[in-house]
Amino acid sequence: MTLTNGESKSYLFPFILIVSLFFLWGMAHNLNGVLIPHLKKACQLDNSQSALVDTSIFLAYFIMALPAGYLLRRWGYKLSIIMGLIAFAIGAFLFIPAADYRMYELFLLALFIIGCGLAVLETAANPYAAILGKPEAATHRLNLAASFNGLAAMVAPIIGTMFILSGKSYSEAELNAMAEVERTAYLMEEASSVKTPYLVLGLILLLVAVVFMFVKLPEIKESGHVEETAKKRSFFAVLRHKHLAFAVIAQFFYVGAQVCVTSFFIRMAQQGAGVDEKTAGYYLGIYGLLFMAGRFVGTFLLRYTTANRLLALYALVCALLAAIAVLGSGMVVLYALGGLGFFMSIMFPTIFSLGISGLGEETKQASSWLIMAIVGGAIFPYMTGGIIDIAHDNTQMGYIVPFVCYVVILWFAQKGYKPAYL
């Protein structure tokens, strides 16, 4: 891939715009940790139903993975980014009627549309950030952009806690004891608290889309040889590389683990550590801060060890912390959750890099498979919610699911990463 208007041009402002996309999709994902317990309360859901928040977004990623690549080739980076932002904004605005009618199905549709927009944005922004400047600095640019995604992991839960969570919580018996008018008013008040944050988010997205419309972005051209080679190969042919196939599996389990931990964090903190809803929400922000810090520390440590060894160490620590979260009590549970944020931080990019290692011209197809593996975030949280419901609302038992996921990642880091053919 090459830039069409030369290396002498300054790419600072276009790069800043691209970095803003990393932050915005990070906000969308990390608001889910607040949204899931909130909608569970406002719409009177069980744990499996509340986990459909994640299913809606990550299923959209899976469905849109290939169409997003097609749109990118047909429309180019600029128009694809604008359309992704508009879809993201439409989904955010749909939160208003969903809250007005307290209709969970409409919330899920809104989240699915947001997920479609995010899939397009991520498909366009990641390679664009890498190519927007000198080739030797591509890794640095991607790490810098990804750090703003980590910043959103800290900011989103704090904003969500301040403006969405009310701190009010009633048991089923207490709700049944209320007069119907009082009960309905309480539930509508809870549902309505999402309207202002998502309205503001939607307006910001439209503003960013307008800026992209008027800013001249350097275009990227694929070499004809690479395009022609890609067309001749089957989309499934790249999976003959064993290490890629196992990386797709590992990524599937990793995303599932991360989303499970984040999505059920607030309820886990309430039940396991005995803190109130608001306090749990702010601890989720600290979890995001540790996630961001872990990414910087992990990047530093990679100077002194191999990627697979660091991944194995982090996966082992995460498995131990997940076991502590399941079996522990009190603040120890919260400390374990914070540790998970720190030690999970490097897993996605590390699995990604190990999976595409040595693939040359097949890297783009391999990347599509690794992005599609994000669908793990649609499946594992629903499984976790089901286990919690079966265990009579015992959230700690649900963390058995991420424990199993970390064991799979540990195996990949020790055995599955080695290049070979199936």
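Preceding block: the structure.
Everything quoted here is computed from the prediction, not taken from an experiment.

Rules behind the numbers
Sequence order as written defines residue numbering, which begins from 1 separately in each chain. Thresholds applied to this predicted model are a pLDDT of at least 70 for local features of residues and 80 or more for the giving and counting of side-chain atom pairs; totals over whole chains, interfaces and linings are not thresholded and use all residues. Just so you know, side-chain values use all the structure's heavy atoms and leave hydrogens and water out. Secondary structure counts use DSSP, requiring at least four H or I residues in a row for a helix and at least two E residues in a row for a strand, with both numbered from the N terminus. To estimate the expected span of a helix, count its residues, drop one, and scale the result by 1.5 Å. Summary of the burial criterion: residues with accessible area below 20% of their type's maximum are buried, those above 50% are exposed, and those between are partly exposed, where the area comes from a 1.4 Å probe applied to protein chains only. Within this analysis, the arc is defined by the directions that extend from the helix axis to the C-beta atoms. By definition in these notes, contact holds between two residues if any of their heavy atoms fall within 4.5 Å. Each aromatic pair joins two rings of Phe, Tyr and Trp (for Trp, the six-membered one) with centres within 6.5 Å, and gets the label stacked for planes under 30 degrees apart, edge-to-face for over 60, and tilted for any other angle. For this analysis, a salt bridge means a side-chain nitrogen from Lys or Arg found within 4 Å of a carboxyl oxygen belonging to Asp or Glu. Throughout this description, a polar contact denotes any pair of N or O atoms lying within 3.5 Å of each other; where both atoms belong to protein, one of them has to be capable of donating a hydrogen while the other can accept it, and for residues adjacent in sequence the pair is counted only when both atoms sit in side chains.

### Points about helix α10 (residues 180–192)
For α10, which comprises 13 residues, the first-to-last C-alpha distance of 18 Å matches the rise-based estimate of 18 Å (1.5 Å per residue) to within 8%. Listed as buried for α10 are Tyr186, Leu187, Glu190 and Ala191. With its buried residues spanning 135° around the axis, α10 presents them on a single face. Where α10 is buried, its residues contact α2 (32–42), α6 (95–101) and α9 (172–177).

### Some details on the packing of aromatic side chains
The relative placement of two aromatic rings is captured by the distance of their centres and the angle of their planes. Counted according to the given criterion, the structure contains 16 aromatic pairs. Arranged with centres 5.3 Å apart and planes meeting at 70°, the rings of Phe95 and Phe107 form a pair that is edge-to-face. Of the two residues, Phe95 sits in helix α6 while Phe107 sits in helix α7 (residues 104–131), which places them 12 residues apart along the sequence. What makes Phe107 buried here is its relative accessible area of 0%.

### Observations regarding the pattern of salt bridges
In total, this model carries 5 salt bridges according to the counting rule given. Across the pair Glu190 and Lys41 runs a salt bridge, and its minimum N-O distance is 3.4 Å. Of this pair, Glu190 sits in helix α10 while Lys41 sits in helix α2, and the two are 149 residues apart along the sequence. Each member of the pair, Glu190 as well as Lys41, carries the same accessibility label: buried. Note that Glu189 and Lys168 form a salt bridge whose closest N and O atoms lie 3.4 Å from each other. Here Glu189 is found in helix α10, whereas its partner Lys168 is found in the loop between α8 (138–163) and α9, with 21 residues between them in sequence. When its relative accessible area of 35% is taken as the criterion, Lys168 is described as partly exposed. Because the salt bridges share partners, they merge into one network encompassing Lys41, Glu190 and Glu277.

### Concerning unusual backbone geometry
The bulk of non-glycine residues show a negative phi, and the bulk of peptide bonds are trans. A positive phi angle, close to 55°, is found at Gln44, a residue other than glycine. Among the structural elements, Gln44 can be located in the loop between α2 and α3 (47–50). When its relative accessible area of 35% is taken as the criterion, Gln44 is described as partly exposed. Unlike most non-glycine residues, Asp393 shows phi in positive territory, near 65°. Of note, Asp393 is situated in the loop between α20 (376–390) and α21 (395–398).

### Digging into the environment of Leu66
As for its position among the elements, Leu66 is in helix α4 (residues 52–75). Leu66 sits 65 residues away from Ile131 along the chain, and the two C-alpha atoms are 21 Å apart. Those residues in contact with Leu66 that sit more than four places away from it in its chain are Phe235 and Met372.

### Points about the side chain of Asn47
For Asn47, the location among the structural elements is in helix α3. Here Asn47 falls in the buried class, since its relative accessible area comes to 1%. Side chain to side chain, Asn47 and Asp389 meet in a polar contact 2.8 Å long. Those residues within four positions of Asn47 in sequence are excluded, and the remaining contacts are Lys40, Phe264, Arg267, Gly385, Ile388, Asp389 and Asp393.

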